[in-house]
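Read off the chains here:
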Amino acid sequence: MASIYTDLLGWVVIATFLAGAGAEYVRRNRGGDTGALATLRRRLDAFDTPPERTLATAGWVLFAAFWLALFPHFAFTQKSYVEGVLSLFAVPASLYAGWLLWNGRDSLLVLSRAVAAMGIVYFPFESIEPLKRTLILVVTGQTGWAMAQLGYEPTLVEGPILGYQNAYRFVTADGHGLLFEIVLACTGLGSMAIFAGLIAAVRAPLGRKLRALAVSIPIIWGLNIARTTFIGITFGNQYLQLFVDEVLFLFGSSDPYMVSFFLSDRVISQVLAVVALVGVTYLVVRELPELVTVIEDVLYMVTKEEYDLLESLDLPREPVRTDGGRSDSDEL
């Protein structure tokens, strides 16, 4: 993350969305008419506008501010055009989602819950040093192992940014030393958090949620190790020294040794990552068709047209229990 301020704003976003999810849960739980939960439900029902809608809308406005605060970090610090464009696009997209929700598109409450769950998965690794260190070192070790299987054995050294052994030192043919460092952004945590959040947000039987996680997380992990291995080998051996002057100009750099890194990481890997996420999404939806609601909402925001993907993909419209029955009581 860019700074402690964006981290704090992220936690505020999560708390706001969680408050909305809590209000929705209380109002949806139409159990007995006595007790503290029933009293709270009656108070929430007294509002003219459903409180979950108000809270989630506020969450989307804060989410827009969060992405706006991150844009300079992605675009100018990391020099990542893909992430920079996506973060800038997320600002109006978040505001539009809030506007649609405020005007009655309550299906966006699912996506609101998903954003909160994504943050709960991601931010502990961002904020708690032992968790971050463990994840980075595991990815570093597996990347080194994968490179060794392909015949490349750079030296494992201490990284200059984080201060522990999470970097590989390569030496080029002309004797120039290159350092490839694994940081949190290299772990695939962001993509895994996205799917974990989406899966947690929908109401579906626990068994199918676990199967969806079993499909998505290992694939993302494996693809990410392939990505870090590709970047390390390509950068460390300067395999993509193409259009050097043009690439340096585009990324605002004067170091010609960084060209292979920019092309392998900032261009090829990030574009392929988008393609891979689409493929993983399809596999997950086959296990958890309830996620189609989120995809339909996103498509509506982009095209302003309604879609029925359940019919197009020939997916079941109701949660199915493992014994073959159907029941709302199975939903989580």
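Residues numbered from 1 in each chain as written. Predicted model: local features only at pLDDT ≥ 70, side-chain atom pairs only at ≥ 80, totals over all residues. Heavy atoms only, no water.

**Some thoughts on the environment of Phe71**
Filter applied, for reference: A run of DSSP states H or I qualifies as a helix once it reaches four residues; a run of E qualifies as a strand once it reaches two. Both are numbered from the N-terminal end. Contacts are assigned to residue pairs that have any heavy atoms within 4.5 Å of one another.
Structurally, the position occupied by Phe71 is in helix α3 (residues 51-77). Taking the C-alpha atoms as reference points, Phe71 and Glu83, twelve residues apart in sequence, are found 8.2 Å from one another. Those residues in contact with Phe71, other than ones at most four positions away along the chain, are Phe76, Gly84, Ser87 and Leu88.

**Side note on the sheet that holds strand β1 (residues 155-157)**
For clarity, the threshold we go by: When DSSP finds at least two bridges between two strands, those strands are taken to pair. Axis angles are defined between N-to-C directions and span 0 to 180 degrees, where every axis is a line fitted to C-alpha atoms and, for a helix, only to the segment in contact.
Taken together, three strands build an open sheet; the order of strands is β1-β2-β3 and the sheet is antiparallel. Of all the strands in the sheet, just β1 and β3 (177-181) have a single pairing partner and so form its edges. Going across the sheet, the axis of each strand differs from the next one's by a mean of 35°, ignoring polarity. The pairing of strand β2 (residues 167-171) with β3 spans five bridges and is classified as antiparallel. Counterpart to Val171 in the pairing with β3 is Gly177. Across the face of the sheet, helix α6 (residues 129-149) comes into contact with β1, β2 and β3 while running at roughly 35° to β2. In the packing of helix α8 (residues 206-236) onto the sheet, contacts are made with β2 and β3, and the angle to β3 comes to roughly 170°.

**Quick look at a nonpolar patch on the surface**
We apply this condition: Note that patches include only residues with greater than 30% relative accessible area and no salt bridge, and the join distances are 9 Å for like charges and 5 Å for nonpolar side chains (Val, Leu, Ile, Met, Phe, Trp, Tyr). Exposure was quantified through the Shrake-Rupley algorithm and a 1.4 Å probe, taking into account, for residues, occlusion by the shown protein chains and nothing else. One side-chain nitrogen of Lys or Arg within 4 Å of one carboxyl oxygen of Asp or Glu is enough to make a salt bridge.
Taken together, the side chains of Phe230, Val267, Ile268, Val271 and Leu272 define a hydrophobic patch exposed on the protein surface, amounting to about 370 Å² of accessible area. With four residues, helix α10 (residues 259-287) is the single largest residue contributor to the nonpolar patch.

**Details of the nonpolar core**
Formally: Joining through side-chain atoms within 4.5 Å is the link that ties buried Ala, Val, Leu, Ile, Met, Phe, Trp, Tyr and Cys residues into a set, and such a set is a nonpolar core. Using a 1.4 Å probe on the protein chains alone, a residue whose accessible area is under 20% of its type maximum counts as buried, one over 50% counts as exposed, and one in between counts as partly exposed.
Ranked by internal contacts, the top residues of the largest apolar core, which has 41 residues, are Phe17, Trp60 and Leu291. At nine residues, the largest contribution of residues to this core is made by helix α5 (residues 108-127). Among residues more than four places away in sequence, those in contact with Phe17 are Ala56, Gly59, Trp60, Phe63, Ser112, Val115 and Ala116. One finds Val139, Ile233, Leu240 and Phe262 within the second-largest nonpolar core, a separate group that totals 28 residues.

**Things to note about the pattern of salt bridges**
Applying the stated rule across the entire model yields eleven salt bridges. The shortest N-O distance in the salt bridge between Arg105 and Asp297 comes to 2.8 Å. A residue pair is termed long-range when its members are at least 10 positions apart, and Arg105 in the loop between α4 (81-102) and α5 and Asp297 in helix α11 (residues 292-303) qualify at 192 residues. By relative accessible area, which is 16% here, Arg105 ends up buried. Relative accessible area serves as the criterion here: at 2%, Asp297 is assigned to the buried category. Among the salt bridges present, the one from Glu287 reaches Arg211, with a minimum N-O distance of 3.1 Å. Placement of Glu287 in helix α10 and of Arg211 in helix α8 is noted, with a sequence separation of 76 residues between them. The exposure class of Arg211 is partly exposed, given its relative accessible area of 38%.

**Observations concerning α4**
What counts, and what does not: Expected span, for any helix, means 1.5 Å times one less than how many residues it has. Bend, in this description, refers to the angle at a residue between axes fitted to the seven residues ending there and the seven starting there.
Between its terminal C-alpha atoms α4 stretches 32 Å, which fits the 32 Å expected from 22 residues at 1.5 Å a residue. By the largest-angle criterion, Val91 marks the main kink of α4, which is about 25°, and a proline, Pro92, follows within four residues. The complete set of buried residues in α4 reads Gly84, Ser87, Ala90, Val91, Ser94, Ala97, Gly98, Leu100 and Leu101. For α4, the elements touching its buried residues are α3, α5 and α11. Directly beyond the C-terminal end of α4, a positive phi value near 110° is found at Gly104.

**Some remarks on the packing of aromatic side chains**
Two measures describe an aromatic ring pair: the distance that separates the ring centres and the angle between the ring planes. Keep this limit in mind: Note on aromatic pairs: the rings of Phe, Tyr and Trp (six-membered ring only in Trp) are paired at centre separations within 6.5 Å, and the planes decide the class, stacked below 30 degrees, edge-to-face beyond 60, tilted for the rest.
If you walk through the whole model with that rule in mind, you get 14 aromatic pairs. For the ring pair Tyr96 and Trp99, a centre distance of 6.2 Å and an interplane angle of 15° mean the geometry is stacked. A residue pair is termed a helical-turn pair when its members lie 3 or 4 positions apart in one helix, as Tyr96 and Trp99 do in helix α4 at three residues. For Trp99, a relative accessible area of 52% translates into the label exposed. When the centroid spacing of 6.5 Å and the interplanar angle of 75° are considered together, the rings of Tyr152 and Tyr239 count as edge-to-face. Of this pair, Tyr152 sits in the loop between α6 and β1 while Tyr239 sits in the loop between α8 and α9 (244-250), and the two are 87 residues apart along the sequence. Residue Tyr239 is classed as partly exposed on the basis of its relative accessible area of 47%.

**Digging into the UniProt feature "transmembrane region" (unreviewed entry) in the protein chain**
Basically, it comes down to this: UniProt positions are given in the numbering used here, feature names are shortened, and annotations may be inferred rather than shown by experiment.
Look at the UniProt record and you will see "transmembrane region" (unreviewed entry) annotated at residues 55-74, 81-102, 108-125, 178-201, 213-235 and 267-285. Measuring from the first to the last C-alpha atom of residues 81-102 gives 32 Å, for a span that is 100% helix and 0% strand. Annotated as 100% helix and 0% strand, the span residues 267-285 places its first and last C-alpha atoms 28 Å apart.

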